[in-house]
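Structural description and commentary
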Amino acid sequence: MALPNPNATHATPGGYRYGWHDTDKPLHIFKKGLSAETVMAISRIKDEPQWMTDLRLKAYRHFESRPLPTWGGDLKGIDFQDIFYYVTGTDRAVQSWDDVPDYIRKTYDRLGIPEAEKKYLAGVGGQYDSEVVYHNIRADLEKQGVIFLGTDEGLRRYPDLFREHFGKVIPANDNKLAALNTAVWSGGSFIYVPPGVHVELPLQAYFRINTENMGQFERTLIIADEGSSVHYVEGCTAPAYTTASLHSAVVEIVVKKGARVRYTTIQNWSHNVYNLVTKRAAAYEDSVMEWVDGNLGSKLTMKYPSIYLLGERAHGEILSIAFAGDGQHQDAGGKVIHAAADTTSLITSKSISQGTGRTSYRGLVKVYAGCKRAKSTVRCDALILSDEARSDTYPYMEIDEEEVTIGHEATVSKVGSEQLFYLMSRGLNEAEASAMIVNGFIEPIVKELPMEYAVEMNRLIQLQMEGAVG
Amino acid sequence: MAVALSTVLEDAGTGRLSERRSEPAWLRALRAEWARRAETDAWPTGSEEEWRRTKLDGLPRDGALLNDPPATEYVIDPAWAARGVIFGSLGDAVRDHPDLVRAHLGQSRTAAPQAHFWARSLATWTAGTFLYVPVGVVIDEALTARTQLPAGEWSHFPHSLVVLERDASATLLEEFSSPDGGATWYGGTTDLRLGEGARLRYASLQRLGDAAWQIGAQRAEVGKDAVLTLLDAEIGSAVTKMGLEVRMSGGGGTSRLLGILAAGGAQRIDINSTQDLLASHTTSDLLYLAALYDEAHASFYGLTRVRPEAKATSSYQECRNLLLSPLAGAEPIPVLEIETNDILRCGHGATAGAIDPVQRFYAMSRGLPADEAERMIVRGFFERVVAQIDSEPIRARVLAALAARIGSEESDDSGEVAA
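The shown structure was predicted, so the numbers you read here are calculated from the model rather than taken from an experiment.

Rules of the game
Within every chain, residues take consecutive numbers counted from 1 along the sequence as written. Written order determines the labels here, with chains lettered from A and ligands numbered from 1. Per-residue local features are limited, in this predicted model, to residues with pLDDT of at least 70; the limit for side-chain atom pairs, both in listing and counting, is 80 or more; totals at the level of whole chains, interfaces and linings are taken over all residues. Put simply, DSSP H or I for four residues or longer makes a helix, DSSP E for two residues or longer makes a strand, and each gets a number counted from the N terminus. Three exposure classes are used, all based on how many other C-beta atoms lie within 10 Å of a residue's own C-beta (placed from the backbone): buried at 20 or more, exposed at 12 or fewer, and partly exposed between those limits. All radius of gyration figures rest on C-alpha atoms, and the globule criterion is 2.2 Å times the number of residues raised to 0.38. Contacts are defined on C-beta atoms placed from the backbone: any two residues whose C-beta positions lie within 7 Å are in contact. The nonpolar class holds Ala, Val, Leu, Ile, Met, Phe, Trp, Tyr, Cys and Pro. Asp, Glu, Lys and Arg form the charged class, and all remaining residues, Gly among them, are polar. Note on pairing: DSSP must find at least two bridges between two strands before they are called paired. Residues enter a nonpolar core if they are buried, belong to Ala, Val, Leu, Ile, Met, Phe, Trp, Tyr or Cys, and are joined to the set through C-beta atoms within 7 Å. Every residue is assigned a pLDDT by the predictor, reflecting its confidence on a scale from 0 to 100. Axes, fitted as lines to C-alpha atoms, cover a helix only where it is in contact. Angles between the N-to-C directions of the axes lie from 0 to 180 degrees. Reported orientations rely on four angle classes, namely roughly parallel under 35 degrees, roughly antiparallel over 145, roughly perpendicular from 65 to 115, and oblique for the rest. We call a crossing left-handed when the near helix sits turned anticlockwise from the far one by less than a right angle, and right-handed when that turn is clockwise. The split into domains, and so the bounds of each, comes from an automatic or database assignment of domains. Given a helix with a known number of residues, its expected span is that number minus one, times 1.5 Å.

With that out of the way, let us pick up the overall build of chain A. Summing up its helical and strand segments, chain A has 12 helices and 19 strands in all. Here chain A holds 470 residues, and the buried ones make up 53% of them.

What follows covers the overall build of chain B. Within chain B one finds nine helices and 21 strands. Since a compact globule built from 419 residues should have a radius of gyration of about 22 Å, the 21 Å found for chain B is in line with a globular shape. Restricting to contacts in chain B with at least 6 residues of sequence separation, those with at least 24 account for 84%.

It is worth spelling out the interface of chain B and chain A at this point. Contact with chain B, which involves 28 residues of that partner, is made by 30 residues of chain A. With 10 residues, the top contributor of residues to the side of chain B that touches chain A is strand β20 (residues 329–338) of chain B. Within the side of chain B that touches chain A, the residues separate by chemical class into 15 nonpolar, nine polar and four charged. Direction of pairing for strand β19 (residues 404–413) of chain A relative to strand β21 (residues 343–353) of chain B: antiparallel, over a ladder of seven bridges. Paired with Ala410(A) across the bridge in β21(B) is His348(B).

To continue, consider the nonpolar core. Counting residues in hydrophobic clusters, the biggest one holds 234 residues, and the most contacted among them are Ile191(A), Val255(A) and Leu292(B). The element best represented in this core is helix α11 (residues 430–446) of chain A, accounting for seven residues.

This brings us to the confidence of the model for chain B. Here chain B averages 91 in pLDDT, and 94% of its residues register 70 or above. The low-confidence segment residues 410–419 of chain B, where pLDDT is below 50, has 10 contacts with residues more than four positions distant or belonging to other chains.

Attention shifts here to the packing of helix α1 (residues 36–45) of chain A against helix α2 (residues 50–65) of chain A. Residue and element names in this part refer to chain A. Axis separation between α1 and α2 bottoms out at 9 Å; the angle between their running directions is 155°. Taken together, α1 and α2 sit at an angle that is classed as roughly antiparallel. For the crossing formed where α1 meets α2, the hand is right-handed. Contacts between α1 and α2 pair Ala36, Val39, Met40 and Ser43 from the former with Met52, Thr53, Arg56, Leu57 and Tyr60 from the latter. Across the contact of α1 with α2, the residue classes tally to six nonpolar, two polar and one charged.

All names here are of chain B. Within strand β7 (residues 159–164), six of the six residues are buried, leaving the element largely enclosed by the surrounding structure. Because side chains alternate across β7, one face comprises the buried residues His159, Leu161 and Val163, and the other comprises Ser160, Val162 and Leu164, equally buried. Taken together, the six bridges between β7 and strand β10 (residues 189–194) define a ladder with parallel strand orientation. Bridging across to β10, Leu161 finds its partner in Asp191.

To continue, consider the domain arrangement of chain B. All names here are of chain B. Splitting chain B by domain gives domain 1 (5–354) and domain 2 (355–419). On a C-alpha basis, the centres of domain 1 and domain 2 stand 26 Å from each other. Taken together, the contacts link 21 residues of domain 1 with 18 residues of domain 2. Elements represented by at least two residues in the side of domain 1 that touches domain 2 include exactly β5 (138–148), β8 (169–177), β11 (199–207), β13 (227–234), β15 (254–263) and β17 (283–292).

In this section: unusual backbone geometry. All names here are of chain B. The backbone phi angle of Ser22 is positive, close to 50°, even though this residue is not glycine. Structurally, Ser22 can be placed in the loop between α2 (14–20) and α3 (25–40). Note on Ser22: 9 C-beta atoms within 10 Å, which makes it exposed. Unlike most non-glycine residues, His281 shows phi in positive territory, near 60°. Along the chain, His281 turns up in the loop between β16 (268–277) and β17.

All names here are of chain A. Its location among the elements puts Ala179 in helix α9 (residues 176–184). Along the chain, Ala179 and Thr359 lie 180 residues apart, while their C-alpha atoms are 26 Å from each other. Among all residues touching Ala179, those that are not within four sequence positions of it are Ala59, His62, Phe63, Arg66, Ala172 and Asn173.

It should be kept in mind that the predicted coordinates are not to be read in detail where pLDDT is low. All names here are of chain A. In this model, chain A carries a mean pLDDT of 83, and residues with pLDDT of at least 70 account for 81%. In the predicted structure, residues 1–28 sits below a pLDDT of 50 and forms 54 contacts with residues beyond four places in sequence or in another chain. Under a pLDDT of 50 for its full length, residues 124–133 has, in the predicted model, 21 contacts with residues more than four places off or in other chains.

Next up on the list: the domain arrangement of chain A. A common way to express how large an interface is: the accessible area buried when the components associate. Residue and element names in this part refer to chain A. Assigned domains of chain A: these are domain 1 (9–303) and domain 2 (418–465). Contacts between the two partners involve 11 residues from domain 1, matched on the other side by nine residues from domain 2. Going through the elements one at a time, α4 (102–111) and β8 (260–267) are the ones with two or more residues in the side of domain 1 that touches domain 2.

Once that is clear, we can look at the environment of Gly236(B). Residues and elements named next belong to chain B. Mapped onto the fold, Gly236 is located in the loop between β13 and β14 (239–248). In this structure Gly236 comes out as buried when scored by C-beta crowding, with 25 C-beta atoms within 10 Å. A C-alpha to C-alpha distance of 6.4 Å links Gly236 and Asp210, two positions 26 residues apart in sequence. When residues no more than four places from it in sequence are discounted, the contact partners of Gly236 are Ser177, Gln206, Arg207, Leu208, Gly209, Asp210 and Ala212.

Turning next to helix α6 (residues 112–124) of chain B. Think of an α-helix as turning once every 3.6 residues; residues three or four places apart then point the same way. All names here are of chain B. Taking 1.5 Å per residue, 13 residues should reach 18 Å; α6 reaches 19 Å between its end C-alpha atoms and fits that length. The buried fraction of α6 amounts to 11 of the 13 residues, a majority that puts the element mostly inside the structure. All of the buried residues along α6 are Pro113, Gln114, His116, Phe117, Trp118, Ala119, Arg120, Ser121, Leu122, Ala123 and Thr124.

Quick look at the environment of Thr171(B) now. Residue and element names in this part refer to chain B. When you line up the elements, Thr171 lands in strand β8. Placed 101 residues apart in sequence, Thr171 and Asn272 show a C-alpha to C-alpha distance of 24 Å. Non-local contacts of Thr171, meaning those with residues more than four positions away in its chain, are made with Ala142, Leu143, Arg201 and Ser391.

Residue and element names in this part refer to chain B. In terms of residue burial, β8 counts as a mostly covered element, since seven of its nine residues are buried. The pairing of β5 with β8 spans eight bridges and is classified as parallel. Considered in β8, the bridge of Arg146 is made with Glu175. Bridge count between β8 and β11: nine bridges; the pairing is parallel.

Let's shift gears to the packing of helix α10 (residues 417–425) of chain A against α11(A). All names here are of chain A. Two numbers describe how α10 lies on α11: the axes approach to 9 Å, and their chain directions differ by 120°. Considering their axes alone, α10 and α11 lie oblique with respect to each other. Once α10 is placed against α11, the crossing between them reads as right-handed. Packed against α10, whose contacting residues are Gln419, Leu420, Leu423 and Met424, the element α11 presents Glu430, Ala433, Ser434, Met436 and Ile437 at the interface. A per-class count over the contact of α10 with α11 returns six nonpolar, two polar and one charged.

Here's what the structure looks like:
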């Protein structure tokens, strides 16, 4: 099962970076705006099977008929007709380094991001040279039968496996934004881990950088077969610049009996982006699903990774961290649905709001009747750093079974003046002292991140505290 | 799909109602004004966050308005009247102290979720309590207002108004009950107004019959340095929807909101609370305890809002649910909206679960039968609220009402609490 060289243009027909393999096809049909024709054209250009075209159209009709959510953040700024729904590499490449906002360039410098990577993150081309590492990992995975492909390629090469799971955890009509994604999705990752296989190193979209991991409407599908384990890492701590104002991804995960999946996301979109993402995992008997979800960027994020505990003794964990600076609203949290006996879950949320930023924890714990001995603990802490910042907590609980242990606790606090005084009396300036306190506050989550992310995360917080970044 | 308020008004006719009750022109105008508001403040559609968990489809709307409700029994030492304290029915107060009532009645508005029912009550009330305590008067006994409502089908929207002037202090229990089986709509509302430095302990004990619907609202305005302790005990009714709103509008004010819910059968209890911290150095704590038997279901949607201008505030919300049957259910949703970083303390906690088997085992290993052990544990569960009721007569009434639901213990007739 030789995997194609991702540098070859034919390998990434759905990607935006290298354009389309059939250069004769006119690309100008993709104007701004959305219609059934756009949806069909996307499917046609990807040469998809009929069932996918039909599904896209069905999802499009659902998107059209459903109103925008009136809860959560303010979505009135989104003009769905002012968005490109399919963008090719040649379109993207016209962006220039000079157009990248100052605050983002400054952050790259302060974080010490290498030149090539900077340009990649800023969406102005360039190639992050991770090929050597990537190939080694790939060869190793291949031997074990692990599939790790772009989603478009996954559909082409594994049509049956793909069709069996696609849109099953998050149906096309789940919500308006998931419907939009189903209609126009492009890119993302397709992962299958065979029974009993443990993928040792985290699979990072970072390594698939030359394909299509940072698409606007990416679609990721992960299937961990019985007794297997995998850790997937998406995004990066450094800011990612895009001119597209809407990012609406869908991530579906199937965790089969006894399997274990951890999905780590660090989102740091530029502050013009509406980030509206649906993420859900179905966890079966004795499995473990963990979401580690960090939200630093975007104008507005609405994202509530969820876990459906469908088999006995399944366990779910959600670690959520959010940082909202000036003008940002992070409406994040998580959902756990207990639908089997002896299932357990833990949600830990840490949010920080600064300047005029607003963080909201929004979560749901639901226990169906008959799910005996279900246990869930939700712990939310919020830190408000400025007088104009705001923090909300909306923890929903629906408990329809008696024999359960369900608890929720939350606190909201500011940086204590005694804490600051103590640190400053030891010679730190106020920004350093605040940063240290904030780093301590998020430590329980940062320590769960892969090392390079943890290091960058701490430095980012420090930059935020100095007011060096926006 | 608003219930035709016009039907109620036509039937009662705010004008004719006033006429029949020989009310002054200002009150007639006030009723008409609130009737207009009841029409503009829409009936809930069911998609509002606060109304998603209680649908009004089954509300018994056909009962005629109780024009002549049974008299409430008001208990107070007559000596207080000499010191300017007024305690009795709102109707009597309108007749005897029109200027005072006029200055306070219908002056408060509620948050949107309750607005319609608040307005309806102010337009069509035919009963309710009026308590006025003048500046500096400290009443050191518990006042009680008990109403036994009739059987049958009716609707009733009493309004109670409590005004405590500067540095005044009072303790008041309002208890109302009705026989089982009457498909009634009880829409009582309460307006508590605490002046600077006032101290009010207010308890409302609901013991409606098993077919009654209660759509109620209680609202309090807590002035500078004032202290409010509010106990909301919901024992009866088929469906209860209670909107509680505490506005901490004076600097340094304190409020403690306590709730006791004991529900069985197919009872539905849905509480919305709002703790609105509008001024600096205010404190507001809430503790709701629910014991749910059979197929009873309790929802709690509580909001703590700290406004940008309210500095150095403390607040807490706690909601605990004891599930005593496999078919009981709970939805505790404690919400925080914090718009300033200058807070001393802010948090919330919520739990739901069955009796800890270790506790049960412990009690039974001491020789208690299973049902007695459960009763004792439930009684202990409520103790955190009961212990905060510092008026002995009120505590005895609450415990008596609780005993009817959770089963009595032999010590009941002594009026003592099982410690």
